[in-house]
Amino acid sequence: MTIAIASDHGGYALRQHLRTLLEAEGQELVDMGCASEEPVDYPPYAFRVAEAVAGGEADVGILICGTGIGMSLCANRVPGVRAAVVGDTYSARMSREHNDANVLCLGGRTLGPDLAAEIVRVWLATPFSGGERHRRRLAMVAQREGGGTPCCPSSNG
Ligand code: RB5
């Protein structure tokens, strides 16, 4: 599995930590910056990773800024990307099982290094459940992304 990873300055230290761990585990990483803790704007880094995932150069992406929020706002504007800001291992699992998230966004200023590493491990190890209701909901997201308006039944489980 190829993992594209990037951060801004707010996520730089956590990105270095995660890179070390993931490389030691034999994961194939494509590091897309930034180069140091000097302040940079996060959008170009988010778009770089999101486009790598959407274009198939990477299977999944990891984006880290101060909170993960700015990165997720940007990544979710790239068609085909489902980016999730995650701060706990339950959400990490659900974002894969239910949402088929393909980009994980983390907060370098909100997460300790051990929790962040555990979130990444759980996220990478959890497959999409493939459940019919989840596929249906994700198809609605994709339809909206393509400019359509999904029908909205009042209750269907
Ligand atoms: C940078 O100060 C900070 O705004 C950024 O890392 C991120 O948290 C934005 O969402």
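Presented here is an overview of the structure given in this document. If you're wondering where the values come from, they're calculated on a predicted model, not measured in any experiment.

The rules behind each value
Residues numbered from 1 in each chain as written. Predicted model: local features only at pLDDT ≥ 70, side-chain atom pairs only at ≥ 80, totals over all residues. Heavy atoms only, no water. Salt bridge = Lys/Arg side-chain N within 4 Å of Asp/Glu carboxyl O. Helix = DSSP H or I, 4+ residues; strand = E, 2+ residues; numbered from the N terminus. Buried < 20%, exposed > 50% of the residue type's maximum accessible area, 1.4 Å probe, protein only. Pairing = 2+ DSSP bridges. Right-handed = clockwise from strand over helix to strand, strands pointing away. Core = buried A, V, L, I, M, F, W, Y, C linked by side-chain atoms within 4.5 Å. Contact = heavy atoms within 4.5 Å. Axes fitted to C-alpha atoms, helices over the stretch in contact; angles between N-to-C directions. Parallel < 35°, antiparallel > 145°, perpendicular 65-115°, else oblique. Left-handed = near helix turned anticlockwise from the far one by under 90°. Nonpolar A, V, L, I, M, F, W, Y, C, P; charged D, E, K, R; others polar. Expected span 1.5 Å × (residues − 1). Polar contact = N/O pair within 3.5 Å; in protein donor to acceptor, adjacent residues only side chain to side chain.

**Some thoughts on the pattern of salt bridges**
- Enumeration over the complete set of coordinates arrives at nine salt bridges.
- Here glutamate 118 makes a salt bridge to arginine 121, at a shortest N to O gap of 3.6 Å. Residue glutamate 118 and its partner arginine 121 are located together in helix 5 (residues 113-125), separated by three residues, close to a single helical turn.
- On the basis of relative accessible area, glutamate 118 is assigned to the partly exposed category, the value being 36%.
- Given a relative accessible area of 36%, arginine 121 falls into the partly exposed group.
- Taken together, the shared-partner salt bridges in this structure form one network comprising Arg15, Arg19, Glu23 and Asp31.

**Section: the pairing of strand 2 (residues 28-31)**
- Bridging between strand 1 (residues 2-7) and strand 2 involves four bridges; their strand directions are parallel. Considered in strand 2, the bridge of isoleucine 3 is made with leucine 29.

**Looking at the pairing of strand 1**
- Extensive coverage of strand 1 is indicated by the burial of six of its six residues.
- Neither face of strand 1 is left uncovered, since the one carrying Thr2, Ala4 and Ala6 and the one carrying Ile3, Ile5 and Ser7 both have all their residues buried.
- In this fold, strand 1 hands off to helix 1 (residues 12-24), which returns the chain to strand 2; that crossover is right-handed.
- Note: strand 1 against strand 3 (residues 60-65), five bridges, orientation parallel. Within strand 3, the position partnered with isoleucine 5 by the bridge is isoleucine 62.

**Observations regarding the nonpolar core**
- One finds Leu18, Ile62, Leu104, Leu106 and Val120 to be the most contacted residues of the largest nonpolar core, which totals 23 residues.
- Mapped by element, the contributors of at least two residues to this core are strand 1, helix 1, strand 3, strand 5 (103-107) and helix 5.
- Here this core takes seven residues from helix 5, the largest share from any one element.
- If sequence neighbours within four positions are ignored, isoleucine 62 has contacts with Ile3, Ala4, Ile5, Ala6, Leu22, Val49, Leu104, Leu106 and Val120.

**With respect to the packing of helix 1 against helix 5**
- Running from N to C, helix 1 and helix 5 cross one another at 50°; their axes reach a closest spacing of 10 Å. As judged from the angle between their axes, helix 1 and helix 5 are oblique. Between helix 1 and helix 5 lies a crossing of right-handed hand. Two secondary-structure elements touch here, helix 1 through Leu14, His17, Leu18, Leu21 and Leu22 and helix 5 through Pro113, Ala116, Ala117, Val120, Arg121 and Leu124.
- For the contact of helix 1 with helix 5, the per-class residue count stands at nine nonpolar, one polar and one charged.

**Details of helix 6 (residues 132-145)**
- Spanning 14 residues, helix 6 covers 20 Å between terminal C-alpha atoms, matching the ideal 20 Å at 1.5 Å per step.
- Directly after helix 6, the chain includes glycine 147, whose backbone phi takes a positive value near 100°.

**Observations regarding the side chain of arginine 15**
- The residue arginine 15 is located in helix 1 in this model.
- Exposure remark for arginine 15: the relative accessible area of 3% places this residue in the buried category.
- Among the polar contacts listed, one links the side chain of arginine 15 to the backbone oxygen of glycine 33, at a separation of 3.1 Å.
- Sequence-distant contacts of arginine 15, defined by excluding residues within four places in its chain, comprise Ile5, Ala6, Ser7, Asp31, Gly33, Cys34 and Ile64.

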